[in-house]
Amino acid sequence: MKKLFLLSLVLLGFTFASSAQEIAENAIGLRLGDSNGLGAEISYQRALGDNNRLEADLGWRNGNNYNAFQLTGLYQWVFPLDGSFNWYVGAGGGIASFDGKDALRGTDETSLFVAGDIGIEYNFDIPLLLSLDFRPTLGFGDFTDDLDFDIALGIRYQF
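Quick notes on the rules
Residues numbered from 1 in each chain as written. Predicted model: local features only at pLDDT ≥ 70, side-chain atom pairs only at ≥ 80, totals over all residues. Heavy atoms only, no water. 1 Å grid on protein atoms, 1.4 Å probe; cavity = no way out; pocket = protein on both sides within 12 Å on 5 of 7 lines; lining within 4 Å. Points joined across faces, edges and corners; volume = space filled by probe spheres on them. Helix = DSSP H or I, 4+ residues; strand = E, 2+ residues; numbered from the N terminus. Nonpolar A, V, L, I, M, F, W, Y, C, P; charged D, E, K, R; others polar. Pairing = 2+ DSSP bridges. Axes fitted to C-alpha atoms, helices over the stretch in contact; angles between N-to-C directions. pLDDT = per-residue confidence, 0-100. Contact = heavy atoms within 4.5 Å. Salt bridge = Lys/Arg side-chain N within 4 Å of Asp/Glu carboxyl O. Buried < 20%, exposed > 50% of the residue type's maximum accessible area, 1.4 Å probe, protein only.

A. Focus on empty space enclosed by the protein. Taken as a whole and judged by the stated rule, the model has two cavities of 30 Å³ or more. Space inside the largest cavity adds up to approximately 70 Å³. Lining the largest cavity are 13 residues, with Ala24, Gln45, Arg53, Leu129 and Gln158 sitting closest to its centre. If you list the elements that add at least two residues to the lining of the largest cavity, you get strand 1 (26-33), strand 2 (41-47) and strand 6 (108-123). Among the residues forming the lining of the largest cavity, the class breakdown is five nonpolar, five polar and three charged.

B. Summary view of the sheet that holds strand 4 (residues 66-82). Within the closed barrel, the eight strands sit side by side as 1-2-3-4-5-6-7-8. Their pairing is antiparallel. Strand-to-strand twist in this sheet, taken as the mean axis angle between neighbours without regard to direction, amounts to 25°. Pairing analysis gives eleven bridges linking strand 7 (residues 128-140) to strand 8 (residues 147-158), with the strands arranged antiparallel. The partner of Leu128 across the bridge, within strand 8, is Tyr157.

C. Region of interest: the confidence of the model for the protein chain. Looking at the protein chain, the pLDDT average stands at 84 and 79% of residues meet or exceed 70. Confidence, expressed as mean pLDDT per element, reaches its minimum in the protein chain at helix 1 (residues 2-19) with 45 and its maximum at strand 2 with 97. Taken as a whole, residues 9-20 scores under 50 in pLDDT and shows one contact with residues more than four places along the chain or in a different chain.

D. Highlighting the pattern of salt bridges. The final tally for this structure, using the stated rule, is nine salt bridges. Between Glu25 and Arg46 there is a salt bridge whose closest N-O contact spans 3.5 Å. In this pair, Glu25 sits in the loop between helix 1 and strand 1 while Arg46 sits in strand 2, placing the two residues 21 residues apart along the sequence. Given a relative accessible area of 43%, Glu25 falls into the partly exposed group. In this structure, the salt-bridge partner of Glu41 is Arg31, at a minimum N-O distance of 3.1 Å. Taken together, the positions of Glu41 in strand 2 and Arg31 in strand 1 put the pair ten residues apart, joining distant regions of the chain. By sharing partners, the salt bridges in this structure join Arg31, Glu41, Glu55, Asp57, Asp133, Arg135, Asp150 and Arg156 into a single network.

Quick look at the structure:
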């Protein structure tokens, strides 16, 4: 009876240890995608628990005829897939601003948007995290008044 109890405890402990995939406490890097024409974004992730986190992304672009920025915040749920692979899904929103400087685009516009997120990531043994995600956004305003789709590669340092 003691052997069966001990064996059950060991198996139970191994099951919990093998299924507990930890995500990094913090990760910072770049999200390289279209981001509604703004290009690369600075990306920061903060763990809230064993399988959920917040992500904040800031993209901006300065041109001869305009300035623009986009700030996105997402809540994500992270699920282990296989080994060092995880997949995640999230939802959130943000704010975008466009400032035109010429006669054709001489408008100042600020708009809000909602966003979804689904992706896959690989957690290396070194503090490097690579991800590929798909982010649809639905904007409310003149600057982002439609449904946009963004696919991006994320490269982040974990600490």
